[in-house]
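A look at the structure
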Amino acid sequence: MPAPFTALHRGGAGPPLVCLHGFTDTWRTWELALPHLERRHEVLAPTLPGHAGGPPLDAEPGHDALLDAVERAMDAAGMATAHVAGNSLGGYLALRLAARGRARTVVAFAPAGGWEPADAAFTRMLQGFVARQREVRAMAPQADALVATPAGRRRATSLITERSDHIPAGLIVHQLLGVAACRDVGPMVEAALRDGYPLDAAAVDCPVRVVWGTRDRLLPLPAAAARLRHRLLPHADWVELDDVGHCPQLDVPLEAAELILGLTGA
């Protein structure tokens, strides 16, 4: 029986750290890194609105609605500010939180919004989420059988990691079912295509580390980072991880945790 989808995880002790997942994912994407992070931090990992286990997306399905929800979760947890780590969409939201003055530091793993505006790969990538959800929904009833074989595990994780043997089968099944159950994928994609990924980089005044895997198939270097690296965040600490995919917190969880802790100083 798969673990139920839940709205958030909170644990550990120390300075507050908020961990934000990517599009169609859940907070459990951080599960393998949490034991390392929670030795030094109180961690709040919410599931974003419109995602499996998260609150309904009642407002206009854009980035501002997601940001507002994260801020409400921080307020409810008594976190006026926090260190923030995010992956993909979560990395972009982490940078936006910094621009709102809510972040002490930001570690963004392959953050969304790095394409140049004229790059057609931006549109193809976002539209691919709609097609991918249809495919995952078709295979979801056989998810347990799929991840029982090395070939199936590789198929299930090929877009997000280079390594899958260390990821528990139950976590991979959870992620597949989470993609299938993610509500409002179409409207959220349409909102992103309409609005783009605006970022007031001048308002980001906390330390920022941007981490990218050299084998990222979803947001491949260098194009998916060009706007951020050369125009918006040239003075950030940029780290490239050799032979790592789109989700370092799953691919190399200990190294991902160390990169977060190395910036928070906890």
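So, here's what we can say about the structure.

Definitions and cut-offs
- Residues numbered from 1 in each chain as written.
- Predicted model: local features only at pLDDT ≥ 70, side-chain atom pairs only at ≥ 80, totals over all residues.
- Heavy atoms only, no water.
- Pairing = 2+ DSSP bridges.
- Helix = DSSP H or I, 4+ residues; strand = E, 2+ residues; numbered from the N terminus.
- Axes fitted to C-alpha atoms, helices over the stretch in contact; angles between N-to-C directions.
- Polar contact = N/O pair within 3.5 Å; in protein donor to acceptor, adjacent residues only side chain to side chain.
- Contact = heavy atoms within 4.5 Å.
- Buried < 20%, exposed > 50% of the residue type's maximum accessible area, 1.4 Å probe, protein only.
- Right-handed = clockwise from strand over helix to strand, strands pointing away.
- Phe/Tyr/Trp six-rings, centres within 6.5 Å; stacked < 30°, edge-to-face > 60°.

Here we come to the sheet that holds strand β2 (residues 16-20). Through backbone hydrogen bonds, the strands of a sheet pair up, either in parallel or in antiparallel fashion. Spatial ordering of the open sheet is given by β1-β3-β2-β4-β5-β6-β7, a layout of 7 strands whose pairing is mixed. Each edge of the sheet is formed by a strand with only one pairing partner; in this case those strands are β1 (8-12) and β7 (237-241). Here the strands of the sheet are splayed against their neighbours by 15° on average, with no regard to which way each runs. Direction of pairing for β2 relative to strand β3 (residues 42-46): parallel, over a ladder of 3 bridges. Note that in β3 the partner of P16 across the bridge is E42.

By secondary structure assignment, the location of R96 is in helix α3 (residues 89-99). Within the structure, R96 has its side chain in polar contact with the side chain of Y92 (distance 2.8 Å). Not counting residues within four places of it along the chain, the set of residues in contact with R96 comprises H63, D64, L67, P198 and L199.

So, on to the pairing of strand β4 (residues 82-87). In terms of burial, β4 is largely enclosed, as 6 of its 6 residues are buried. Where β4 lies against strand β5 (residues 103-109), 5 bridges are found, and the strand directions are parallel. Opposite A82, over in β5, you have A103 as the bridge partner. Read as a crossover between parallel neighbours, the route from β4 over α3 to β5 is right-handed.

Attention shifts here to the packing of aromatic side chains. All told, the structure shown has 7 aromatic pairs when counted by the stated rule. Taking the centre distance of 5.0 Å and the plane angle of 80° together, the rings of Y92 and Y197 count as edge-to-face. Taken as a pair, Y92 in helix α3 and Y197 in the loop between α8 (185-195) and β6 (208-213) lie far apart in primary sequence, 105 residues in all. Both residues of the pair, Y92 and Y197, count as buried. Between the aromatic rings of W115 and Y197, the centroid separation amounts to 5.7 Å while the plane-to-plane angle is 55°, which identifies the pairing as tilted. In this pair, W115 is assigned in the loop between β5 and α4 (121-139) and Y197 in the loop between α8 and β6, connecting sequence segments 82 residues apart. The pair W115 / Y197 is uniform in exposure class, with both members buried. Cluster of aromatic residues (ring-pair linked, three or more members): Y92, W115, F122 and Y197.

Moving on to unusual backbone geometry. In this model, L221 is joined to P222 through a cis peptide bond whose omega is 0°. Mapping P222 onto the fold places it in the loop between β6 and α9 (226-232). In this structure, T24 takes a positive phi of about 70° despite not being glycine. Of note, T24 is situated in the loop between β2 and α1 (34-37). The exposure class of T24 is buried, given its relative accessible area of 5%. At A110, a position not held by glycine, the phi torsion is positive, near 45°. With respect to the helices and strands, the residue A110 is situated in the loop between β5 and α4.

We now examine α3. Across the 11 residues of α3, 10 count as buried, placing the element largely inside the fold. For α3, the full list of buried residues reads L89, G90, G91, Y92, L93, A94, L95, R96, L97 and A98. Just downstream of α3, G101 is the residue with a positive phi angle, here 85°.

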